[in-house]
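Next come the chains, spelled out residue by residue.
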Amino acid sequence: MKVKDNVGMLQRIKPRLAVAGSGLAAGLISSLAISALILLAEKLADLPVGTFYLVLASVALQTEAHTVDTIALGLLMHLAAGSVIGLVISIPFVMSKRLLASADRYAPVYGLATGFALWLALFLPITFGVMLPLLNSLDSQLIRQQVPTGEVSSIATDELLSIMDRVIAGSLAFNMFYGLLVVILTRLLSEAYMRRHQQVIL
């Protein structure tokens, strides 16, 4: 009897873990897509490529001079956060078979709403509560991007502060696109897994 109960419990848990894993993977993939857009936007705005991750790392490390490794650290921080958020976004689908089944109809609304909520509850508080005060405290210093051969580029904190209104407005679109992409990918990845393994959420 215990063996049957354990098998039944495993059959119930595995599809839900698959959905959660799909959310984690969707968060990572979506973060990579957003990272590509951020780098493209920096290039179009004539900013040093990697400025966003340079500032992210500089805020975390509270230092002025940075290397390419620091940009890589900022990128990894962004990808890790995006993956975890993707997992959190997938929780309603993990808990409810009905929600997962109707995800194709509600994915755009849920994804866009989630992206807006992320921007409102996470991005804005971090920007106004942490990043802007620390940038202001640097007092017109240069944030330098360096490689072993020397300095590649630099940007003054005053210049960054002068474009923060555009950064904040643009981040809304990025966050909403991220939320939409996470929900769509979570549904597609979880459905593909369950079809391949012939599983359903009980």
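Caption draft 1: How the structure looks around the layout of surface pockets. Of the pockets and cavities examined, the largest pocket occupies roughly 1200 Å³. What lines the largest pocket is a set of 39 residues, and nearest its centre among them are I38, F52, F123, V167 and S171. When residues of the lining of the largest pocket are traced back to their parent elements, those giving at least two are α1 (2-44), α2 (51-61), α3 (68-95), α5 (103-137), α6 (157-162) and α7 (164-197). For the lining of the largest pocket, the residue count by class is 27 nonpolar, 9 polar and 3 charged.

Caption draft 2: Fine view of the environment of A107. Among the structural elements, A107 can be located in helix α5. Judged by relative accessible area, A107 falls into the buried class, the value being 4%. Distance from A107 to L185, taken between C-alpha atoms, is 9.8 Å for residues 78 residues apart in sequence. The residues contacting A107, other than those within four sequence positions of it, are L180, V183 and I184.

Caption draft 3: Highlighting the environment of S22. By secondary structure assignment, the location of S22 is in helix α1. A relative accessible area of 6% means that S22 is categorised as buried. Distance from S22 to Y193, taken between C-alpha atoms, is 8.7 Å for residues 171 residues apart in sequence. Not counting the four nearest positions on each side in its chain, S22 is found in contact with T186, L189 and S190.

Caption draft 4: The pattern of salt bridges, seen in detail. Under the criterion given, the structure shown has 1 salt bridge. In this structure, R187 and E191 form a salt bridge, with 3.6 Å as the shortest nitrogen-oxygen distance. Of this pair, R187 and E191 both sit in helix α7, 4 residues apart, which is roughly one turn of the helix.

Caption draft 5: Molecular detail of the side chain of T127. Within the secondary structure layout, T127 lies in helix α5. Judged by relative accessible area, T127 falls into the buried class, the value being 1%. A polar contact is formed between the side chain of T127 and the backbone oxygen of F123, at a distance of 2.8 Å. Ignoring any residue separated from it by four or fewer positions in sequence, one finds T127 in contact with L132, P133, M164 and I168.

Caption draft 6: A look at the nonpolar core. I89 and Y178 are the most contacted members of the largest nonpolar core, which totals 20 residues. Of all the secondary structure elements, the ones that give two or more residues to this core are α1, α2, α3, α5 and α7. When near neighbours in sequence (up to four residues on either side) are disregarded, Y178 contacts G27, S30, S31, I34, G82, I85, G86, I89 and L118. Among the nonpolar cores identified, the runner-up in size contains 6 residues, and V55, V59, M131 and L135 belong to it.

Caption draft 7: Here's a closer look at the confidence of the model for the protein chain. Per-residue confidence for the protein chain averages 81 on the pLDDT scale, and 77% of its residues sit at or above 70. Looking at the elements of the protein chain, mean pLDDT is at its lowest for strand β1 (residues 65-67), recorded as 63, and at its highest for α3, recorded as 90. Note that pLDDT drops below 50 for residues 1-7; the model gives that stretch 0 contacts with residues more than four away or on any other chain.

Caption draft 8: Here's a closer look at the packing of aromatic side chains. What the rule picks out here adds up to 3 aromatic pairs. Between F52 and Y53, the ring centres sit 5.1 Å apart and the planes meet at 80°, which makes this aromatic pair edge-to-face. Overall, the relative accessible area of 25% leaves F52 in the partly exposed class. Judged by its relative accessible area of 2%, Y53 is buried. Plain terms: the ring middles of F116 and W119 are 6.0 Å apart, the flat faces sit at 35° to each other, and that makes the pair tilted. Here W119 and F116 lie together in helix α5, a separation of 3 residues that amounts to about one turn. According to the relative accessible area criterion, W119 is buried, its value standing at 13%.

About the criteria used
Residues numbered from 1 in each chain as written. Predicted model: local features only at pLDDT ≥ 70, side-chain atom pairs only at ≥ 80, totals over all residues. Heavy atoms only, no water. 1 Å grid on protein atoms, 1.4 Å probe; cavity = no way out; pocket = protein on both sides within 12 Å on 5 of 7 lines; lining within 4 Å. Points joined across faces, edges and corners; volume = space filled by probe spheres on them. Helix = DSSP H or I, 4+ residues; strand = E, 2+ residues; numbered from the N terminus. Nonpolar A, V, L, I, M, F, W, Y, C, P; charged D, E, K, R; others polar. Buried < 20%, exposed > 50% of the residue type's maximum accessible area, 1.4 Å probe, protein only. Contact = heavy atoms within 4.5 Å. Salt bridge = Lys/Arg side-chain N within 4 Å of Asp/Glu carboxyl O. Polar contact = N/O pair within 3.5 Å; in protein donor to acceptor, adjacent residues only side chain to side chain. Core = buried A, V, L, I, M, F, W, Y, C linked by side-chain atoms within 4.5 Å. pLDDT = per-residue confidence, 0-100. Phe/Tyr/Trp six-rings, centres within 6.5 Å; stacked < 30°, edge-to-face > 60°.

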